[in-house]
Amino acid sequence: MPPDALIRGGHKLDIKVTPAADAHHPLARMMLAFFAGKQRADTLPSRTDLPHRDLLPVLPFIFMLEPTGEDMTDWRFRLVGHGITARLGADPTGLCISEIYEPTQVGRNAVSYSGVATSRAPHITTGSFHGIDREFLTFEIVHLPMLGNDERTIWILGGLFFND
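Just so it is clear, the model here is predicted, and its values are computed rather than measured. (Residues numbered from 1 in each chain as written. Predicted model: local features only at pLDDT ≥ 70, side-chain atom pairs only at ≥ 80, totals over all residues. Heavy atoms only, no water.)

(A) Looking closely at the nonpolar core. Counting residues in each nonpolar core, the largest one holds 48 residues, and the members touching the most others are I97, Y101, F129 and L157. At 7 residues, the largest contribution of residues to this core is made by strand β6 (residues 154–163). (Core = buried A, V, L, I, M, F, W, Y, C linked by side-chain atoms within 4.5 Å. Buried < 20%, exposed > 50% of the residue type's maximum accessible area, 1.4 Å probe, protein only. Helix = DSSP H or I, 4+ residues; strand = E, 2+ residues; numbered from the N terminus.)

In structure tokens form, the structure reads like this:
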């Protein structure tokens, strides 16, 4: 699917988010608790920790991002759960954030993701979509650092949890 066809009408993702001090959605809290238990002082949770039976309710709402270069200015969606794709009406798996987000948001998102990777700390936001006929959806996003397939590169494990 060409990037411009990602969202019906050729619109790119435009999200408005606000940082949150803590997660409130039950699935977001479950995800944070699971990874707090997996994180060790000397390393991060790994891609090999997923899927996991304890996270079955969370799995449809996760996504994974990998940096496309060492400068971490663009990130590729390696996986997007079916709970997310069903709500968006499209699957961005395999696409970079530069291909699917509004140009004004690519840099902001890349800085956020690289901040999670560098700090190795969770980042939680709340927000909504705009311009894609999904304005009625509000959500909470959890971003967590994790080791990618090579066990060296830090990826982002995200959870996008909709407020119904």
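(B) The arrangement of helix α4 (residues 103–119) in detail. In a regular helix each residue adds 1.5 Å, so 17 residues correspond to 24 Å; α4 covers 25 Å between its end C-alpha atoms and thus fits that length. For α4, the complete set of buried residues consists of Q105, V106, N109, A110, Y113, S114, V116 and A117. End-on view of α4: buried residues confined to an arc of 160°, all on one side of the axis. Projecting away from the buried face of α4 at angles above 90 degrees are the exposed residues T104, V111 and T118. At the exit of α4 stands R120, carrying a positive phi of roughly 60°. (Expected span 1.5 Å × (residues − 1). Arc of directions from axis to C-beta.)

(C) Spotlight on the confidence of the model for the protein chain. Across the protein chain, the average pLDDT comes to 86, with 88% of residues at 70 or higher. The model gives residues 1–5 a pLDDT under 50, and that stretch makes 6 contacts with residues more than four places away or in other chains. (pLDDT = per-residue confidence, 0-100. Contact = heavy atoms within 4.5 Å.)

(D) Region of interest: the side chain of T125. By secondary structure assignment, the location of T125 is in strand β4 (residues 123–130). Not counting the four nearest positions on each side in its chain, T125 is found in contact with V17, T18, P19, A20, F139, E140 and I141.

(E) Just helix α1 (residues 26–38), in detail. With 13 residues, α1 should reach 18 Å at 1.5 Å per residue; the first-to-last C-alpha distance of 19 Å fits that figure. Considered for burial, the residues of α1 that qualify are L27, A28, M31, L32, F34 and F35. Buried residues of α1, viewed axially, fall in a sector of 165°; they line one side. In α1, those exposed residues whose orientation departs by more than 90 degrees from the buried face are P26, A33, A36 and G37.

(F) Layout of the layout of surface pockets. The calculated volume of the largest pocket comes to roughly 340 Å³. I15, Y101, Y113, I141 and H143 are the residues nearest the centre of the largest pocket, which is lined by 23 residues in total. In the lining of the largest pocket, the residues fall into 16 nonpolar, 6 polar and 1 charged. (1 Å grid on protein atoms, 1.4 Å probe; cavity = no way out; pocket = protein on both sides within 12 Å on 5 of 7 lines; lining within 4 Å. Points joined across faces, edges and corners; volume = space filled by probe spheres on them. Nonpolar A, V, L, I, M, F, W, Y, C, P; charged D, E, K, R; others polar.)

(G) Here's a closer look at the pattern of salt bridges. According to the stated counting rule, one finds 3 salt bridges in the structure shown. Notably, a salt bridge pairs D22 with R29, separated by 3.6 Å at the nearest N-O pair. We note a salt bridge from R152 to D150, for which the minimum N-O separation is 3.9 Å. (Salt bridge = Lys/Arg side-chain N within 4 Å of Asp/Glu carboxyl O.)

(H) Inspection of the packing of aromatic side chains at higher detail. In this structure the tally under the stated criterion is 4 aromatic pairs. Arranged with centres 6.4 Å apart and planes meeting at 50°, the rings of F61 and F161 form a pair that is tilted. Here the residue F61 occupies a position in the loop between α1 and β2 (62–67), and F161 occupies one in strand β6, the gap between them amounting to 100 residues. Overall, the relative accessible area of 0% leaves F161 in the buried class. Residues W75 and Y113 carry aromatic rings whose centres are separated by 5.7 Å and whose planes lie at 75° to one another, so their mutual orientation is edge-to-face. With W75 in strand β3 (residues 75–80) and Y113 in helix α4, the pair connects residues that are 38 residues apart, well separated along the chain. (Phe/Tyr/Trp six-rings, centres within 6.5 Å; stacked < 30°, edge-to-face > 60°.)

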